[in-house]
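Listed below, chain by chain, are the residues.
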Amino acid sequence: MKVNLIYSPDVHPQAMDGVLEILSSVSGPVEFSLIHMPWSYNHLYEIQQHRYRNDFRFRIESEYKLQEYEASRGYPLSWRELFFLCQKTRRMQDIPDEQFVILVTNRRNSMNFFSMFDRNGERNAFVQASDWDYFLKSPETYPVAYEVVANVLRILMGFDLEKDIKDNFHLDAIGCMNDFCENKSQIILKLRTADLCHDCIQRLESNKVDQQMVAQALQIFEKIRTSLKFSQGFAGNIKPKKITVTKEGSITVGDSELNLTPLEKTILIFFLSYPDGIRLAELDDYELALFAVYQRLKANAAPENIRKLVDNFDGNFSYNKSRLNKKLREQIGEPLANYYIIDGIPGEKFSVALSKDLISIAAEFQSLR
Ligand SMILES: [Zn+2]
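Residues numbered from 1 in each chain as written. Predicted model: local features only at pLDDT ≥ 70, side-chain atom pairs only at ≥ 80, totals over all residues.

(A) Main features of the environment of Gln 331. Its location among the elements puts Gln 331 in helix α12 (residues 317–332). What makes Gln 331 partly exposed here is the crowd of 15 C-beta atoms within 10 Å. In this structure the C-alpha to C-alpha distance between Gln 331 and Leu 258, which are 73 residues apart in sequence, comes to 6.8 Å. Gln 331 has contacts with Leu 258 and Asn 259, leaving out every residue within four places of it along the chain. (Helix = DSSP H or I, 4+ residues; strand = E, 2+ residues; numbered from the N terminus. Buried ≥ 20, exposed ≤ 12 C-beta atoms within 10 Å, placed from the backbone. Contact = placed C-beta atoms within 7 Å.)

Here it is in structure tokens:
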């Protein structure tokens, strides 16, 4: 089962890399992939102007009742307009009907929902990536990843946009993924419970949804839950352990040595050397320093590997960071791993959460500072 993620031009590509990293952190029957659609910056505007004109804009009362245009509402798009981008992607990329296409957008939508799925039979959904900062002190990547999975499950369990809200959702919040959350702040509850209620599990079963898929979804929810707890400052009684980089280049957390490739070690040592964080767009300023570290860790180190890593346009940093973070989560374990992974708000500085006094780097690797 494949879930294709697309995004509108207003979304930072680093946000999408972050969402994909979270979704791909759990193995299972659902495969997530990111499509970079060649939208122009005027594309959404054009769709409004030429495609849907008056019929589909700014319906606030209901999805079918036209309302006056109000700029103060943040230029919301109608759901149809948002789903149109999913449909256009299907046509341009030849995506089969059984695959999902999920749009991530910063644009607000007519009903002011964080996400919604398309009408019955269309495996489309949109997720809003903006405005989360009112509710959460964490990168939006976590709630967006949650909403992506939630919409896949809702479509699979036969939710229908044309039906009444109460036929799809629980109007009273019970800590289930399908709580309606009329008040947007109620969304915190379901992120905290990371759960599906008994009725919803049964509905998944009666719609013959693969149990492995449900297990995968719940595991992703659990990862999001622990990461959110961590970024909200609730690390509980978990105390971080010291991380040490020896002069031979082995990296230990407490007493256990991490098993990483030379390139992954290079990235980790680099971020440990800059505990205040680095903007990813500035990575190429550090090419020589990164190469110096890489050379210490790998015989016959090829400069191209570092050049490719720091390239702002065509580089593979995001891919390598994701792989590194995944290994750190596996080898260090949750929730402790949250102190060591490289994370940040898309477009701003990325860093490790560990405090400086718990980072010890051999002099041989300190040329970076
Ligand atoms: Zn439920």
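(B) Up close: the pairing of strand β1 (residues 2–7). Pairing of β1 with strand β2 (residues 31–34), which is carried by four bridges, proceeds in the parallel orientation. Bridge assignment links Asn 4 to a residue of β2, and that residue is Ser 33. Handedness of the crossover joining β1 and β2 through helix α1 (residues 13–23): right-handed. Where β1 and strand β3 (residues 100–105) come together, five bridges link them in parallel fashion. Along β3, the bridge assignment pairs Asn 4 with Val 101. (Pairing = 2+ DSSP bridges. Right-handed = clockwise from strand over helix to strand, strands pointing away.)

(C) View of the sheet that holds strand β5 (residues 124–128). Strand order across the open sheet formed by five strands is β2-β1-β3-β5-β4, with mixed pairing between neighbours. The two strands at the open ends of the sheet, each matched to only one other strand, are β2 and β4 (115–117). Averaged over all pairs of adjacent strands, the angle between strand axes in this sheet comes to 20°, irrespective of strand direction. (Axes fitted to C-alpha atoms, helices over the stretch in contact; angles between N-to-C directions.)

(D) Fine view of the packing of helix α9 (residues 262–273) against α12. For the pair α9 and α12, the least separation of the axes is 10 Å and the interaxial angle reads 90°. The angle between the axes of α9 and α12 places the two elements in the roughly perpendicular class. Where α9 abuts α12, its residues Leu 263, Glu 264, Ile 267 and Leu 268 lie against Asn 320, Lys 321, Arg 323, Leu 324 and Lys 327. When its residues are assigned to classes, the contact of α9 with α12 shows four nonpolar, one polar and four charged. (Parallel < 35°, antiparallel > 145°, perpendicular 65-115°, else oblique. Nonpolar A, V, L, I, M, F, W, Y, C, P; charged D, E, K, R; others polar.)

(E) Representation of the sheet that holds strand β11 (residues 349–351) in the model. Read across the open sheet, the three strands follow the order β9-β11-β10; overall the sheet is antiparallel. Taken across any chain shown, the strands that pair with only one partner, and hence form the sheet edges, are β9 (278–279) and β10 (343–344). In terms of strand pairing, β10 meets β11 through two bridges, oriented antiparallel. Within the sheet, the bridge partner assigned to Gly 344 lies in β11 and is Phe 350.

(F) Quick look at unusual backbone geometry. The omega torsion of the bond from Glu 334 to Pro 335 falls at -5°, within 30 degrees of zero and hence cis. Mapped onto the secondary structure, Pro 335 falls in the loop between α12 and β10. One non-glycine residue, Asp 94, lies in the positive phi region at around 55°. One non-glycine residue, Asn 300, adopts positive backbone phi at about 50°.

(G) How the structure looks around the confidence of the model for the chain. Confidence in the prediction of the chain, expressed as mean pLDDT, is 87, and 89% of residues score 70 or more. The secondary-structure element of the chain with the lowest mean pLDDT is helix α2 (residues 43–52), recorded at 54, while β2 shows the highest, at 98. This stretch, residues 50–69, has a pLDDT under 50; its non-local contacts, to residues over four places away or in other chains, come to 30 contacts. (pLDDT = per-residue confidence, 0-100.)

(H) Spatial organisation of the environment of Asn 338. Position of Asn 338 relative to the elements: it lies in the loop between α12 and β10. Taking the C-beta count within 10 Å as the criterion, Asn 338 has 24 such neighbours and is therefore assigned buried. Distance from Asn 338 to Leu 328, taken between C-alpha atoms, is 8.8 Å for residues ten residues apart in sequence. Residues contacting Asn 338, with those up to four places away along its chain left out, are Ser 227, Phe 230 and Ala 353.

(I) Quick peek at the nonpolar core. Grouped together as the largest cluster of nonpolar side chains are 56 residues, with contacts concentrated most on Leu 5, Val 19, Val 104, Ala 145, Val 148, Val 149 and Ile 224. No other element matches the eleven residues that helix α4 (residues 141–156) contributes to this core. Setting aside residues up to four positions removed in sequence, Ile 224 forms contacts with Ile 22, Tyr 142, Ala 145, Tyr 146, Leu 191 and Ala 194. Grouped together as the second largest cluster of nonpolar side chains are 32 residues, Ile 251, Leu 309, Leu 324 and Ile 342 included. (Core = buried A, V, L, I, M, F, W, Y, C linked by C-beta atoms within 7 Å.)

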